[in-house]
Each structure stands twice: as C-alpha cells, then as structure tokens.
Amino acid sequence: AEAYGDGSVRLTVDENVVFPNVPADKVPSMLADPLFGRDRFPVPTPAAGVSLVTSLVSCTGAQFCGLALAETKLPAWDLCRKLDEALVLPTPVRIHVTGCPNSCGQAQVGDIGLIGAPAKKEVDGKKVAVPGFNIILGGTVGEAATLAATDFEKSVPEDEVYDKLKALLVER
C-alpha cells in the first residue's frame, strides 16, 4: 500500500483486502509484485467477465472449527478458481460457503450458498458417508436483502459440487 499507493488499506465484509488510491499507471507493477503471486495472495484476473473468487465468502471450516462438517476455505477457493477458468460470467455471482448449518459463512445471503452436510457416495460397491454440501440459491444483500429461497440440491458429495455449479452457472 505504501509502495504503490498512499498507504491506505481497507477490509471488506466479504473478507477481501482493498488497496485504494493506487494510481492507474502503478497497477501493473503492483500486480507484478511477488506479494501478489499465485502462491501467496493472488489477484483474480479472469480473461473476460467477472471472477467468482473476488466475491467468495467462507467460514473457517472443519480445519479450524469443531462444528463444521466440511472443509471450506481451500476447497471453496479451488472451486471458484476452477469455475473462473472454465466460464466467462458477465455479472458477479456471490458464492458463500459454510461448513455447517450454523452459517458463519452466511450461505443464506449468497447468490449460491453451500452448507456443509453429510452426503453418501458409492465406494467399492458400498454407500459410505462423505463430506458434502447442500446447495441453496437466491440470497441477496443490501437494502432489499432476502434469504435464499430455493433448495437447489441436497447432500451433494464434495467432489461433485464443481459439476453441479458449472451446470447451474451455464444455465444462468
């Protein structure tokens, strides 16, 4: 912030860090700084359209919370990056992920909400319990805020969420 702008840093309710007041001519060199490299704090720059990563919200998930039924942060990050690579979205879509029904990730106010839930999957001919998500749709924030009104699909195994969301976003 000091090297490229006026030293200001802001934090958003969506858990993003914003560096305001960076002159346009300094943005390319700022983004080339190793701090913003893919391994540390990458800046989503989809080729066209908008990035799902920039509006992603997630609770801490099973890694840090004893109540969570699913891991959230890294899987949500990977999910959105993979969707960004596969799709060009003309308008922002907010994905909110929470590891359990307590909803620290506020899944009910996301355009798409993922709520950690047990799922079943066939493994070696037997149904076994695996981490999964309930997918809900239609939440909004702001002046006319509403909670998600549509149960899109329940008990989706974690490894099937990408395909479900990709199909949903393509239809959109």
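Coordinates for the structure precede this section.
Residues numbered from 1 in each chain as written. Predicted model: local features only at pLDDT ≥ 70, side-chain atom pairs only at ≥ 80, totals over all residues. Heavy atoms only, no water.

Undergrad: Could you clarify how one ought to interpret the overall build of the protein chain in this entry?
TA: Secondary structure assignment for the protein chain yields three helices and seven strands. In sequence order, the secondary structure elements of the protein chain are arranged as β-β-α-β-α-β-β-β-β-α. Projecting the C-alpha coordinates of the protein chain onto the three principal axes gives extents of approximately 60 × 40 × 35 Å. Excluding contacts between residues fewer than 6 apart, the proportion of contacts in the protein chain whose partners are at least 24 apart in sequence is 48%. Summed over its atoms, the accessible surface of the protein chain is roughly 10100 Å², and 56% of this surface lies on carbon and sulfur atoms. Computing the positive centroid from 16 side-chain charges and the negative centroid from 22, the protein chain places the two 4 Å apart. (Helix = DSSP H or I, 4+ residues; strand = E, 2+ residues; numbered from the N terminus. Contact = heavy atoms within 4.5 Å. Areas by Shrake-Rupley, 256 points an atom, 1.4 Å probe, with all protein chains shown as cover. Lys, Arg positive; Asp, Glu negative; His and termini not counted. Charge placed at Lys NZ, Arg CZ, Asp CG, Glu CD.)

Undergrad: Just to check I follow, could you spell out helix α2 (residues 73–86) for this structure?
TA: Since there are 3.6 residues in each turn of an α-helix, residues three or four apart along the chain are aligned in direction. Here α2 spans 20 Å end to end across 14 residues, near enough to the 20 Å set by a 1.5 Å rise per residue. Of all the residues in α2, the buried ones are A76, L79, C80, L83 and D84. All buried residues of α2 project into a common sector of 130° when viewed along the axis, lining one side. Opposite its buried face, α2 presents the exposed residues L74 and E85, each directed more than 90 degrees away. (Expected span 1.5 Å × (residues − 1). Buried < 20%, exposed > 50% of the residue type's maximum accessible area, 1.4 Å probe, protein only. Arc of directions from axis to C-beta.)

Undergrad: Explain unusual backbone geometry here, please?
TA: Apart from glycine, the bulk of residues carry a negative phi angle, and the bulk of peptide bonds sit in the trans form. For N21, which is not a glycine, the phi torsion comes out positive at approximately 60°. Among the structural elements, N21 can be located in the loop between β2 (17–18) and α1 (27–32). The residue S155 is not glycine, and still its phi comes out positive at about 50°. Among the secondary structure elements, S155 is positioned in strand β7 (residues 150–157). The class for S155 is partly exposed, based on a relative accessible area of 36%.

Undergrad: Just checking my understanding: could you explain the sheet that holds β7 for this structure?
TA: Either a parallel or an antiparallel arrangement is found when strands of a sheet pair, and the pairing is made through backbone hydrogen bonds. The strand order across the open sheet built from five strands is β3-β4-β5-β6-β7, with neighbouring strands paired in mixed fashion. The outermost strands of the open sheet, each flanked by one partner alone, are β3 (57–58) and β7. With respect to the sheet, helix α3 (residues 161–171) is in contact with β4 (95–98), β5 (112–123), β6 (126–137) and β7, its orientation differing from that of β7 by roughly 150°. (Pairing = 2+ DSSP bridges. Axes fitted to C-alpha atoms, helices over the stretch in contact; angles between N-to-C directions.)

Undergrad: I tried to follow the side chain of S51 on my own but got confused; where do I start?
TA: Tracing the backbone shows S51 in the loop between α1 and β3. Judged by its relative accessible area of 6%, S51 is buried. In terms of polar contacts, S51 uses its side chain to reach the side chain of D84, at 2.6 Å. (Polar contact = N/O pair within 3.5 Å; in protein donor to acceptor, adjacent residues only side chain to side chain.)

Undergrad: Whenever I open this one, the environment of E153 confuses me. Can you help?
TA: Mapped onto the secondary structure, E153 falls in strand β7. Taking the C-alpha atoms as reference, E153 lies 8.8 Å from K164; in sequence the two are 11 residues apart. The residues touching E153, leaving out its near neighbours within four places in the chain, are F133, N134, I135 and K164. Looking at E153, its side chain comes within polar contact range of the side chain of K164, at 2.9 Å.

Undergrad: Where do I start with the nonpolar core in this structure?
TA: One recurring pattern in soluble globular proteins: nonpolar side chains tend to sit buried together. Grouped together as the largest cluster of nonpolar side chains are 24 residues, with contacts concentrated most on L52, L83, I95, I112, L114, L165 and L169. Broken down by secondary-structure element, the contributors of at least two residues to this core are α2, β4, β5, β6 and α3. Ranked by residue count, the leading element in this core is α3, at five residues. When neighbours within four sequence positions are excluded, L165 is seen to be in contact with L79, L83, I95, I112, L114 and I135. (Core = buried A, V, L, I, M, F, W, Y, C linked by side-chain atoms within 4.5 Å.)

Undergrad: Would you explain the pairing of β6 in this entry?
TA: Looking down a regular strand, the side chains alternate between one sheet face and the other. Pairing of β5 with β6 involves 12 bridges; the strand directions are antiparallel. From the neighbouring strand, I112 faces β6, where its bridge partner is L137. Count of turn residues in the β5/β6 antiparallel hairpin: two residues, of which D124 carries a positive phi of about 55°.

Geometric values such as these leave the question of function open.
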